[in-house]
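Each chain is listed here by its residues.
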Amino acid sequence: MTPTWKDKLAAEIPPALGLEIDQYETDLLLRRQGKIDEKVFMEARLRRGVYGQRYDSGQRHDGKKTQTLRYPSGDLTKGPGILWDHPGMQRIKIPYGGLNPRQLEVLADLAEEYSDGILHVTTRQDIQLHFVHIEDTPAIFRRLAAVGITTREACGNSVRNVTGCPLAGVCRDEAFDVTPYAKACSRFLLGHKDTQNFGRKFKIAFSGCAQHPCGLARMHDLGAVARIRDGRRGFELYVGGGLGPVPYQAKLFAEFVPEEELLPLAQAVSRIFGRLGEKKNRNTARLKFLVNKLGLEEFRRLVLEERRALPPDPAWTAFLGELEAAAEKPSKPAAPLNGQPRRPSFDAWFRTNVYRQRQPGYAAVTVTLPLGDFTSRQARALADLARAYTPGTLRLTVDQNILLRWVSDADLPALHAGLEDAGLGQPGAGTVVDVTACPGTDTCKLGISSSRGLAGVLRERLAARAASMDEAVRNLTIKVSGCFNSCGQHHVADLGFYGVSRKKGNYTVPHFQVLVGARRQENASAYGLALIAIPSKRIPEVVDRLAEAYLRQRAAGESFSGWVQRIGKSQVRALIEDLAEVPPYEADRSFYSDWHDPRTYTVSDMGVGECAGEVVTPLDFGLAAAEREAFEAQVALDKGDPVRAAETALRAMLRAARELVASQLPEVSEDPAEVVREFRARFYDTKLFFDPFVGGKFAQHLFQAVEEPAGTLAPDAARRRVEEAQLFIEAAHACRTRMAQAAGKGHA
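Enquirer: What is the right way to look at the overall build of the protein chain in this model?
Expert: Along the backbone of the protein chain there are 25 helices and 24 strands. Taken over C-alpha atoms, the radius of gyration comes to 26 Å for the protein chain, in line with the 27 Å a tight globule of 748 residues would show. Taken along the three principal axes of its C-alpha coordinates, the protein chain extends 80 × 70 × 60 Å. A separation of at least 24 residues holds for 70% of the contacts in the protein chain among residues at least 6 apart in sequence. Summed over its atoms, the accessible surface of the protein chain is roughly 30200 Å², and 52% of this surface lies on carbon and sulfur atoms.

Have a look at this one:
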């Protein structure tokens, strides 16, 4: 009998972890037998990082017509609407992005044996494998557990991967190395009884300094920034941050939390979140909503009161006695770079991918991974290089790259040669070429536009002229998300894009919203706002125009965000507004398909519809007017007038709602009360306005806005209303598309 992975690895897996995997395997068996409800099973697998994946449900076109594949497990499901045999995605949490060569080799094997041979680095320092069959997941868990990795709580309503600055310990500007603190926090909260009753996920990040964006601590539920006060180590602590459809800037909870108070305070925050956080409505269940609802002062009072009541736990401080022993040490002595033979491409790579550590003679090297992907073969080569030139430590980065640390300067040419031989020697790390993107429509169920397709095109175009690019443009950042959920972190880039769609006659056209105005420095201290939706195929022109205008108009030393702030978003929008136009289908069909996807939205019954496609309906005009008002709200915000911004944002939502109502009830008036009443009856109560994944969330933005006078809103609340107005209008566009499809006048 062939031994299983359970047999072979029994002695290498910690007993508690082995028991958890056994229990999960039992859940699989019971679900196959129909003894566990599919929703209960779905939550169990999600807490193990086992996701469903965007898939065509076995629909295959054989050249003549679409055929449906038959699966071995028939109609058995692993969640609502997800067949058992549908491929899935496995998320593997890597605390603070830290890996060793052996772990990387195991990940390479798993990608090769159970996935498509690709390892994907996420913006939260996870590894994701796609096209995984659920029957293979217990073996994956056991092989990971044998090298010290667990997927527990990689998803679900739990503490997600604890992230940290990849330069921690070698950064020239850090207060101290946050690695052991991030590691201790991850271990302490994993499976903790006080973190099992959340209504939504909970994200934590650590940064070693206040000024740089490597840790992005201020956009997390709990963000810790290292500080030293009077010779003592501690943290500046932030709470209630988060991206998603409506981003919240984290609020300063405490200017200084001593290191010994870090874990008990994290536990107290968890207990308050678990006790008072929303449970029924997922759309308002993140910590940011609770902090906003209670107010920072009341939230702080409750947390500190909870902290005082906690019984002492030795785990709070046990790790503090091991800080020195846990510190990384070089495997080779420092030696100078001078005189070492190097390849012709070395200098360009050195300029962008090599960071001088604070330890003289050593460098940290960024391995650039286009779109966050690398193959199993490359992963094994990287493991070999890490053993040869480093102490055997690697870090995944939030920019979807990998960092090798403690490389002696003299070894840089040899390391570069090794990386090039493995296809990993691309320059451009941290530059405009290094575009970040979420999976988007490739594999994500929520994706609207092809974020990876666009990111790949931008990277290719920008890399071709990187050598002659002005340094000011070269240092810009671009981040792309396939939808409004911000997995690509589009809110914290100089140029951010997220996927939306627009109707052109009877066709749906992939678009991206353009965001500017973000400030990544100081751990993501300001978020970008949407300017205008542009057809996907014209986004490269958007990048070119804005980059050229920035170069022409910037003041000496002025950042991109500073330039946007100085000239105003109206001027920035005017630079690209004409690109929003979509040519007729007959004139250029390329606009009607997405990047790297030749399929169009046209079908054979469009002979008459193509002509009709040139007609712009009153609803289209009305939604365009609502978008203009939403943009005016942004302008008011930029001018420091939050009351006017909030009022204008509400008007934009009311206009969009009225236009939808008017499509059914042409005589509807402009009276806000009548608009809201009719909208609720015709589009909310009927669920016609509901998003397939977040239900009536966007309609609630309107209902809440009419209840809250603009004059009562704080500036940050006014900003959120502006964001919500844009989302409401996007939802109105999506609703309009569904209505057209239902009427047989459009294409998905």
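Past the structure itself, the notes keep going.
Enquirer: Even after reading the chapter, I still don't get the pattern of salt bridges, so can you show me in this structure?
Expert: Opposite charge on two side chains permits pairing when their charged atoms draw close. Applying the stated rule across the entire model yields 55 salt bridges. A salt bridge links arginine 152 to glutamate 153; the nearest nitrogen and oxygen atoms lie 3.7 Å apart. Judged by relative accessible area, which is 23%, arginine 152 ranks as partly exposed. Across the pair glutamate 670 and arginine 658 runs a salt bridge, and its minimum N-O distance is 3.6 Å. Here the residue glutamate 670 occupies a position in the loop between α22 (642-662) and α23 (672-684), and arginine 658 occupies one in helix α22, the gap between them amounting to 12 residues. A relative accessible area of 61% places glutamate 670 in the exposed class. The buried category is assigned to arginine 658, whose relative accessible area is 14%. Residues joined in a network through salt bridges with shared partners are Lys193, Asp194, Arg271, Arg275 and Glu306.

Enquirer: Teacher, can you tell me more about the environment of leucine 294 here?
Expert: Topologically, leucine 294 is positioned in helix α8 (residues 287-294). Taking relative accessible area as the criterion, leucine 294 reaches 27% and is therefore assigned partly exposed. For the pair leucine 294 and leucine 276, spaced 18 residues apart in the sequence, the C-alpha separation amounts to 9.8 Å. Apart from residues no more than four positions distant in its own chain, leucine 294 is found in contact with Leu276, Phe299 and Leu302.

Enquirer: Looking at this model, I keep getting lost on unusual backbone geometry. Mind explaining?
Expert: Most peptide bonds are trans, and most residues other than glycine sit at a negative phi. Phi is positive for aspartate 230, which is not a glycine, with a value near 50°. Within the secondary structure layout, aspartate 230 lies in the loop between β12 (222-229) and β13 (232-239). When its relative accessible area of 75% is taken as the criterion, aspartate 230 is described as exposed. Residues other than glycine seldom take positive phi values, yet serine 486 does so here, at roughly 70°. You can see serine 486 is positioned in the loop between β21 (478-481) and β22 (495-504).

Enquirer: Got a minute to help me understand the sheet that holds β13 in this structure?
Expert: One open sheet accounts for 5 strands, arranged β10-β11-β12-β13-β14; its pairing is mixed. Because the sheet does not close on itself, it has two edges, and the strands there are β10 (163-164) and β14 (251-258). Note: β12 against β13, 8 bridges, orientation antiparallel. Within the sheet, the bridge partner assigned to alanine 224 lies in β13 and is leucine 237.

Enquirer: Would you take a moment to explain the packing of aromatic side chains for this structure?
Expert: Any two aromatic rings considered together are summarised by their centre-to-centre distance and by the angle between their planes. Summed over all chains, the structure comprises 29 aromatic pairs. Aromatic pair phenylalanine 176 and phenylalanine 235: ring centres 5.5 Å apart, planes at 75°, arrangement edge-to-face. Residue phenylalanine 176 is located in the loop between β10 and α6 (179-189), and its partner phenylalanine 235 is located in strand β13; the two are separated by 59 residues in the primary sequence. Here the two residues phenylalanine 176 and phenylalanine 235 agree in accessibility, since each one is buried. The interplanar angle of 55° and the centroid separation of 5.6 Å between the aromatic rings of phenylalanine 679 and phenylalanine 728 together place this pair among those described as tilted. In this pair, phenylalanine 679 sits in helix α23 while phenylalanine 728 sits in helix α25 (residues 715-742), placing the two residues 49 residues apart along the sequence. Classification of phenylalanine 679 as buried rests on a relative accessible area of 0%. Look at phenylalanine 728 and you get buried, because its relative accessible area is 0%. Of the aromatic side chains, those joined through ring pairs into one cluster are Phe679, Phe683, Tyr684, Phe689, Phe690, Phe703 and Phe728. Residue placement shows lysine 8 over the ring face of tryptophan 5; its charged tip is 4.0 Å from the ring centre. For arginine 48, the ring lying beneath its charged end belongs to phenylalanine 141, and the centroid distance is 5.7 Å.

Enquirer: Would you explain the packing of α22 against α23 in this entry?
Expert: To describe two helices that pack against each other, one gives the angle between their axes and the distance between the axes. The contact between α22 and α23 brings their axes to 9 Å, and the two run at 55°. The pairing of α22 with α23 is recorded here as oblique in orientation. Our pair here, α22 against α23, has a crossing hand that is left-handed. When α22 is examined against α23, the residues Leu654, Ala657, Arg658, Leu660 and Val661 are found in contact with a partner set consisting of Pro672, Val675, Val676, Glu678, Phe679, Arg682 and Phe683.

Enquirer: Just checking my understanding: could you explain α8 for this structure?
Expert: Each full turn of the α-helix corresponds to 3.6 residues, which orients residues three or four apart in the same direction. For α8, the complete set of buried residues consists of Leu287, Lys288, Phe289, Leu290 and Val291. Its buried side turned inward, α8 meets β13, β14, α7 (262-276) and α9 (296-309). Positive backbone phi, at 90°, marks glycine 295, one or two positions downstream of α8.

Enquirer: What is the right way to read the side chain of glutamate 105 from this model?
Expert: Summarising the element assignment, glutamate 105 is placed in helix α4 (residues 101-114). Those residues in contact with glutamate 105 that sit more than four places away from it in its chain are Ala383, Asp384 and Arg387.

Enquirer: Looking at this structure, I do not really get the sheet that holds strand β6 (residues 88-92). What am I missing?
Expert: Through backbone hydrogen bonds, the strands of a sheet pair up, either in parallel or in antiparallel fashion. Spatially, the 5 strands line up as an open sheet ordered β1-β6-β9-β8-β17, and their pairing is antiparallel. Strands at the two margins of the open sheet, each flanked by one partner only, are β1 (50-52) and β17 (373-375). With strand direction ignored, the average angle separating the axes of adjacent strands in the sheet is 30°. Across 2 bridges, the pairing between strand β8 (residues 118-121) and strand β9 (residues 127-132) is antiparallel. The partner of histidine 120 across the bridge, within β9, is glutamine 128. Sitting on the sheet, helix α12 (residues 376-389) is in contact with β8 and β17, with an inclination near 85° to β17.

Enquirer: Looking at this structure, I do not really get helix α3 (residues 38-46). What am I missing?
Expert: Residues of α3 that are buried: Phe41, Arg45 and Leu46. Burial along α3 is one-sided: seen end-on, the buried residues are contained in an arc of 135°. Residues of α3 that are exposed and point more than 90 degrees away from the buried face comprise Lys39 and Val40. On the buried face of α3, the contacting elements are α2 (15-32), β1, β4 (77-79) and β5 (82-83). At the N-terminal end of α3, a side-chain oxygen is found 2.8 Å from the backbone nitrogen of lysine 39, two or three residues along, and the residue is aspartate 37.

Enquirer: What is the right way to read the packing of α22 against α25 from this model?
Expert: One can describe the packing of α22 onto α25 by two numbers: an axis separation of 8 Å at closest approach and a directional angle of 15°. As summarised for this structure, α22 and α25 are arranged roughly parallel, according to the angle between their axes. In terms of crossing hand, the pair formed by α22 and α25 is left-handed. Facing Pro642, Ala645, Ala646, Ala649, Ala652, Met653, Ala656, Ala657 and Leu660 of α22, the residues of α25 in contact are Pro715, Ala718, Arg721, Val722, Glu724, Ala725, Phe728, Ile729, Ala732, Cys735 and Met739. Across the contact of α22 with α25, the residue classes break down as 18 nonpolar, no polar and 2 charged.

About the thresholds
- Residues numbered from 1 in each chain as written.
- Predicted model: local features only at pLDDT ≥ 70, side-chain atom pairs only at ≥ 80, totals over all residues.
- Heavy atoms only, no water.
- Helix = DSSP H or I, 4+ residues; strand = E, 2+ residues; numbered from the N terminus.
- Rg over C-alpha atoms; globule rule 2.2 N^0.38 Å.
- Contact = heavy atoms within 4.5 Å.
- Areas by Shrake-Rupley, 256 points an atom, 1.4 Å probe, with all protein chains shown as cover.
- Salt bridge = Lys/Arg side-chain N within 4 Å of Asp/Glu carboxyl O.
- Buried < 20%, exposed > 50% of the residue type's maximum accessible area, 1.4 Å probe, protein only.
- Pairing = 2+ DSSP bridges.
- Phe/Tyr/Trp six-rings, centres within 6.5 Å; stacked < 30°, edge-to-face > 60°.
- Lys NZ or Arg CZ within 6 Å of the ring centre and 35° of its normal.
- Axes fitted to C-alpha atoms, helices over the stretch in contact; angles between N-to-C directions.
- Parallel < 35°, antiparallel > 145°, perpendicular 65-115°, else oblique.
- Left-handed = near helix turned anticlockwise from the far one by under 90°.
- Arc of directions from axis to C-beta.
- Polar contact = N/O pair within 3.5 Å; in protein donor to acceptor, adjacent residues only side chain to side chain.
- Nonpolar A, V, L, I, M, F, W, Y, C, P; charged D, E, K, R; others polar.

Everything listed here is a matter of geometry and, on its own, says nothing about what the molecule does.
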